[in-house]
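Each chain is listed here by its residues.
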Amino acid sequence: MAHADTRPIYRGILKRNTLLRQLFRIPALYKVLIANSFIIFVGATAGTWLATHINTYGPSGLLIFVVIGWSMSVILNFVLLQIAFRPLIELGRIMGRVREGDRTQRADVTGFDPLADQLAGTFNMMLEAIDDANRQRASQITNAMEEERKRIARELHDETSQVLTSLLISLAVLEESVKTQDARDRIADTRMLAHQTLRAIRNLSIDLRPSALDDLGLVPALRWYVKEYQQKFPVSISFQAVGFKERLNNDLETVLYRIVQEALTNIAKHAQAQNATVMLKEDQDGIYATITDDGRGFNADQLRGSPGAGQERGWGLVGMRERADLFDGTLNIESQPGKGTTVQVYIPLPKEKLKKYNYEKV
């Protein structure tokens, strides 16, 4: 059964009552000490009074007093401890949510208990440090992957492609020198196979790291990728880019390119779509990317956590979210079976771009 959040009620009462606010600012240790001292004082005073009148009330009166006193002591201790340790209880609740995987939770610093506020502040600092460390580690891994992609793509383009080109030239010379038709046909088949291998290697090199992304920027690279994509898969794609008066930094361009690439790859593998739309927009707030398709869709709620065995799409979505997180961005996926899929990405502008927008606005 869910419990109502009573924190706003307590805060309202404390704001209106200065004395209560001062009392609640006392550390929990002293709150418990004062409360129990008060209970002991009341019990001792009432017990002394009853001892002087024991002849009047008799043993039954003493028993009733003991029962009532014990019950009141337990009830008052329970209530007072609940109030005194409420900030710690709330902190434990937040910790439980973080342990379950919700890293967006932060503990409240209420100002009513110095020790609890110190714990909450330290806990929040730890979460921020963990998030920063995870973000930095993910950035390092992503950059290392991109550098390795670039290295492999360069080697495929410069070395393997050159070797195959030389092989094609040698086969062409050999074909001219052979006299028998059967041998010429065999060489022609081998040359065709070498052509196909060379084309596949060039496509692989471009998929690993398109030179257009480094040379021309995000929008031209995506235009080229969409054109090549439509030649490989039976999906009609509408591409549109708004804004983008100048290039973004290399890391941000790479992140956006990979997100769009992964979204289109998922469409080709899983969506069975006929049409898709890629919309990019840059304004003074940030960069928006929306990828939609009219495919079969899926249950997006089932893939919000860590994907299980056989959920390749889930790992792709995790990678897209992690890339957006590198720039404090957000990625939302809306999909239902039979109703297509929409991927929405928002990444705030880097500080240097934001300053320029503000300067131009002035």
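These numbers were taken from a predicted model, which means no experiment stands behind them. (Residues numbered from 1 in each chain as written. Predicted model: local features only at pLDDT ≥ 70, side-chain atom pairs only at ≥ 80, totals over all residues. Heavy atoms only, no water.)

A.B. asks: Would you mind showing me how to read the overall build of the protein chain here?
C.D. replies: From N to C terminus, the protein chain includes 12 helices and five strands. In the protein chain, which comprises 362 residues, the share counted as buried stands at 33%. Once local pairs closer than 6 in sequence are excluded, the contacts in the protein chain between residues at least 24 apart make up 65%. Counting every atom, the protein chain has about 23,000 Å² of accessible surface; 59% of that belongs to carbon and sulfur. (Helix = DSSP H or I, 4+ residues; strand = E, 2+ residues; numbered from the N terminus. Buried < 20%, exposed > 50% of the residue type's maximum accessible area, 1.4 Å probe, protein only. Contact = heavy atoms within 4.5 Å. Areas by Shrake-Rupley, 256 points an atom, 1.4 Å probe, with all protein chains shown as cover.)

A.B. asks: Could you clarify how one ought to interpret the sheet that holds strand 1 (residues 236–242) in this entry?
C.D. replies: Note: strands within a sheet are paired through backbone hydrogen bonds, in either parallel or antiparallel orientation. Across the sheet, which stays open at both edges, the five strands sit in the order 1-2-3-5-4 with mixed pairing between neighbours. Of all the strands in the sheet, the pair left with one neighbour each is strand 1 and strand 4 (330–335). Taking the axes of each pair of neighbouring strands and ignoring which way they run, one obtains an average angle of 10° across the sheet. As paired strands, strand 4 and strand 5 (residues 341–348) are joined by six bridges and run antiparallel to one another. (Pairing = 2+ DSSP bridges. Axes fitted to C-alpha atoms, helices over the stretch in contact; angles between N-to-C directions.)

A.B. asks: What is the right way to read the packing of helix 9 (residues 218–232) against helix 10 (residues 250–271) from this model?
C.D. replies: Angle between the axes and distance between the axes are the two parameters that describe a pair of packed helices. Between helix 9 and helix 10, the shortest axis-to-axis distance is 10 Å and the interhelical angle comes to 15°. Put simply, helix 9 runs roughly parallel to helix 10. In the packing of helix 9 onto helix 10, the handedness of the crossing is right-handed. Touching Leu218, Ala221, Leu222, Tyr225, Val226 and Tyr229 of helix 9 are Glu253, Leu256, Tyr257, Val260, Gln261, Leu264, Thr265, Ile267 and Ala268, all from helix 10. Residue composition of the contact of helix 9 with helix 10, grouped by class: 12 nonpolar, two polar and one charged. (Parallel < 35°, antiparallel > 145°, perpendicular 65-115°, else oblique. Left-handed = near helix turned anticlockwise from the far one by under 90°. Nonpolar A, V, L, I, M, F, W, Y, C, P; charged D, E, K, R; others polar.)

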